[in-house]
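# An overview of the molecular structure
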Amino acid sequence: MKRYSAFAIAREAIRFHSGWERAWRNPEPKKRYDVIIVGAGGHGLATAYYLGRNFGITNVVVIEKSWLGGGNTGRNTTIIRSNYLQDPSAAIYEKARSLYENLSQELNYNVMFSPRGVMMLAQTYHEIRGYQRTAHANALQGVTTEFIDPQKVKELCPIINLTGPRYPVLGALWQPRGGTARHDAVAWGYARACSDMGMDIIQQCEVKAVRQKHGKVVGVDTTKGAIDCDKLGLVVAGHSGVLADMAGFRLPVESVALQALVSEPIKPCMDVVVMANTVHGYMSQSDKGEMVIGGGADGYNNYTQRGSFHHVEETVRALVETFPMISRLKMLRCWGGIVDMTGDRSPILSKTPLENCFINCGWGTGGFKAIPGSGWGMAELMAKGQSPLTEEFGIQRFKDGKFIDESVAAGVAH
Ligand SMILES: Cc1cc2nc3c(=O)[nH]c(=O)nc-3n(C[C@H](O)[C@H](O)[C@H](O)COP(=O)(O)OP(=O)(O)OC[C@H]3O[C@@H](n4cnc5c(N)ncnc54)[C@H](O)[C@@H]3O)c2cc1C
């Protein structure tokens, strides 16, 4: 693979961009691989990447029913933060956040990580107490956050209205090294690096069945034929229940559509990410100038990947109180993605009842931020059978009652 560099850009400019290579190969599937990963979203691609990078396992295929990065990875609002309450969560999200810091250099692909700072507004006294508690927990976990007062909120985000009629801003949990990254680029960067290591990425290929013998996985049937493997990783977000069903076990997850929208582009007016959990909405400004606004999840289970007007109305109505200036903006587009929610709002990275079949799911409304850490942990779990990062996130916790309750940290859909 030719490296991207300032020199390469200059060279290609001179020769009319005739020398760029395809970022990844488009191969036909082989009959057998050491590892099959189902799902070419960020988590699946990152798992494949760290299998190669950290364990030298490169006879790997990533199978995608649609186009790579076209699931939730390409539909999310790209907020990255690690200010979670429980220790296992802080560990995996902070690992991910810290890997994001150098991901562009690592992958030789600009993922546009922008640590512009994330604030979660406290708009009730209950929230003040909750976020102060999280700030103390984060201090013990080595995650840099602080509880800031309303004046500091206004300094960091001048367009905010502190004295909303229902919910005035009373402070915020502030993570200065949280931020955003370019979602497509994260998927594309990992895909390019995987392909460079000799891994195959097969797009437009749907897994239809999981084959097993004597309780052990032996391969999958796909729309491009049967493929055998030693180990199988299911990393399909909103479709986890469907794949688990194929593998013969049930998951404690529900699939619902989560929605977001963007406004028309405007001049730069906001250089932080703001989440308002009580009124339920969050906002940041993209590099193109659009206000990126995250809304809620549907209140019923479904597999529809699209937006709906009642959600747009609810979300915008909530946010206008805190950001009155957005009432004058036009909406450019809205969309939805299918997210997989667990009862404790924490993910599942786990062995399964089917031997050599592993699952990574349950990231719900907030898994983009976790992609590098999740890939790192999942690769270790698949290669060695265990990982300190994933230890607490097994499916067994739902039987043992050892929940990792993040309903507060994940209280808004992002
Ligand atoms: C509107 C919205 C906003 C969000 N905002 C944020 C945010 O701000 N911050 C944050 O951290 N997270 C956010 N999220 C959550 C985040 O997007 C997801 O947690 C994360 O992208 C999940 O990545 P993934 O790789 O697991 O799944 P995906 O990217 O969905 O990839 C799974 C892939 O599996 C494929 N697949 C499914 N079934 C099969 C099959 N049978 N055969 C082959 N392939 C199959 C799918 O086509 C898909 O491409 C948001 C999500 C949505 C929908």
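These numbers come from a predicted model, not from an experiment.

Here we come to the pairing of strand β18 (residues 357-361). Summarising burial for β18: 5 of the 5 residues are buried, a large majority. The side-chain alternation of β18 yields two buried faces, one formed by C357, I359 and C361 and the other by F358 and N360. In the sheet, strand β11 (residues 225-234) pairs with β18 via 3 bridges, with the strands oriented parallel. Across the sheet, residue L234 finds its bridge partner in β18, namely I359. As judged from the 4 bridges shared by strand β17 (residues 348-351) and β18, these two strands associate in the antiparallel manner.

Attention now goes to the domain arrangement of the protein. The domain architecture assigned to the protein consists of domain 1 (27-82 + 84-109 + 183-253 + 344-400) and domain 2 (118-179 + 255-341). Each partner contributes residues to the interface: domain 1 has 23 residues there, and domain 2 has 25 residues. Listing elements by their share of the side of domain 1 that touches domain 2, those giving two or more residues are β3 (79-80), α3 (87-101) and α8 (240-247). Ranked by residues supplied to the side of domain 1 that touches domain 2, first place goes to α3 with 4 residues. Grouping the amino acids of the side of domain 1 that touches domain 2 by side-chain chemistry returns 7 nonpolar, 11 polar and 5 charged.

Attention now moves to the environment of M119. With respect to the element layout, M119 can be found in strand β4 (residues 118-122). We classify M119 as buried; it has 29 C-beta atoms within 10 Å. Considered as a pair, M119 and T163 are 44 residues apart in the sequence and their alpha carbons are 17 Å apart.

For the ligand, the set of nearby residues contains 39 residues, the closest of which are G39, G41, G71, G337 and G367. Looking at the shell around the ligand, the elements that each hand over two or more residues are α2 (42-55), β12 (253-265) and β16 (331-342). Looking at the shell around the ligand, its residues break down into 13 nonpolar, 21 polar and 5 charged. Of the residues that make up the shell around the ligand, three or more belong to each of domain 1 (27-82 + 84-109 + 183-253 + 344-400) and domain 2 (118-179 + 255-341).

The next thing to look at is the nonpolar core. For soluble globular proteins, nonpolar side chains are generally found buried alongside one another. By size, the foremost hydrophobic cluster in this structure holds 117 residues, and its most contacted members are I36 and V274. Mapped onto the domain boundaries, this core takes at least three residues apiece from domain 1 (27-82 + 84-109 + 183-253 + 344-400) and domain 2 (118-179 + 255-341). Discounting chain neighbours no more than four positions away, the residues touching I36 are V61, I63, V220, I227, C229 and L232.

Glancing now at the packing of α2 against helix α10 (residues 371-384). Relative orientation of the contacting elements α2 and α10 amounts to 55°, with a least axis distance of 7 Å. In terms of orientation, α2 lies oblique with respect to α10. In terms of crossing hand, the pair formed by α2 and α10 is right-handed. Residues G42, H43, A46, T47, Y49, Y50, L51, N54 and F55 of α2 form the contact with α10, whose participating residues are I371, P372, S374, G375, W376, M378, A379, E380, M382 and A383. Of the residues assigned to the contact of α2 with α10, the class counts are 12 nonpolar, 6 polar and 1 charged.

A separate point is helix α5 (residues 125-141). Because each turn of an α-helix spans 3.6 residues, side chains separated by three or four positions in sequence point in the same direction. With 17 residues, α5 ought to run about 24 Å at 1.5 Å a step, and its terminal C-alpha atoms sit 24 Å apart, in line with that. Buried within α5 are the following residues: E127, Y131, T134, N138 and Q141. Across the axial projection of α5, the buried residues extend over an arc of 75°, all falling on one side. Seen from the buried face of α5, the exposed residues on the opposite side, beyond 90 degrees, are Y125, R129, A139 and L140. Among the residues trailing α5, G142 stands out with phi positive, at a value near 80°.

Below, the discussion takes up unusual backbone geometry. One non-glycine residue with positive phi stands out, namely H214, at about 50°. Mapped onto the secondary structure, H214 falls in the loop between β9 (207-213) and β10 (216-222). You can call H214 exposed: it has 6 C-beta atoms within 10 Å. Phi at N356 is positive, roughly 65°, even though this residue is not glycine. By secondary structure assignment, the location of N356 is in the loop between β17 and β18. Judged by C-beta crowding, with 19 C-beta atoms within 10 Å, N356 ranks as partly exposed.

This brings us to the sheet that holds strand β14 (residues 281-285). Spatial strand order, β5-β6-β4-β13-β14-β15-β12-β16: 8 strands in an open sheet with mixed pairing. Every other strand in the sheet has two partners, leaving β5 (146-148) and β16 as the edge strands with one partner each. Across the sheet, the mean angle separating the axes of adjacent strands is 20° when strand polarity is ignored. Two strands pair when backbone bridges link them, and β12 and β16 are joined in this way by 11 bridges, in the antiparallel orientation. Bridge assignment links L261 to a residue of β16, and that residue is C334. Those strands touched by helix α9 (residues 309-322) are β12, β13 (273-276), β14, β15 (290-297) and β16, and its axis lies near 120° from that of β15.

Thresholds, definitions, all that
- Residues numbered from 1 in each chain as written.
- Predicted model: local features only at pLDDT ≥ 70, side-chain atom pairs only at ≥ 80, totals over all residues.
- Buried ≥ 20, exposed ≤ 12 C-beta atoms within 10 Å, placed from the backbone.
- Helix = DSSP H or I, 4+ residues; strand = E, 2+ residues; numbered from the N terminus.
- Pairing = 2+ DSSP bridges.
- Domains from an automatic or database assignment.
- Contact = placed C-beta atoms within 7 Å.
- Nonpolar A, V, L, I, M, F, W, Y, C, P; charged D, E, K, R; others polar.
- Near = placed C-beta within 6 Å.
- Core = buried A, V, L, I, M, F, W, Y, C linked by C-beta atoms within 7 Å.
- Axes fitted to C-alpha atoms, helices over the stretch in contact; angles between N-to-C directions.
- Parallel < 35°, antiparallel > 145°, perpendicular 65-115°, else oblique.
- Left-handed = near helix turned anticlockwise from the far one by under 90°.
- Expected span 1.5 Å × (residues − 1).
- Arc of directions from axis to C-beta.

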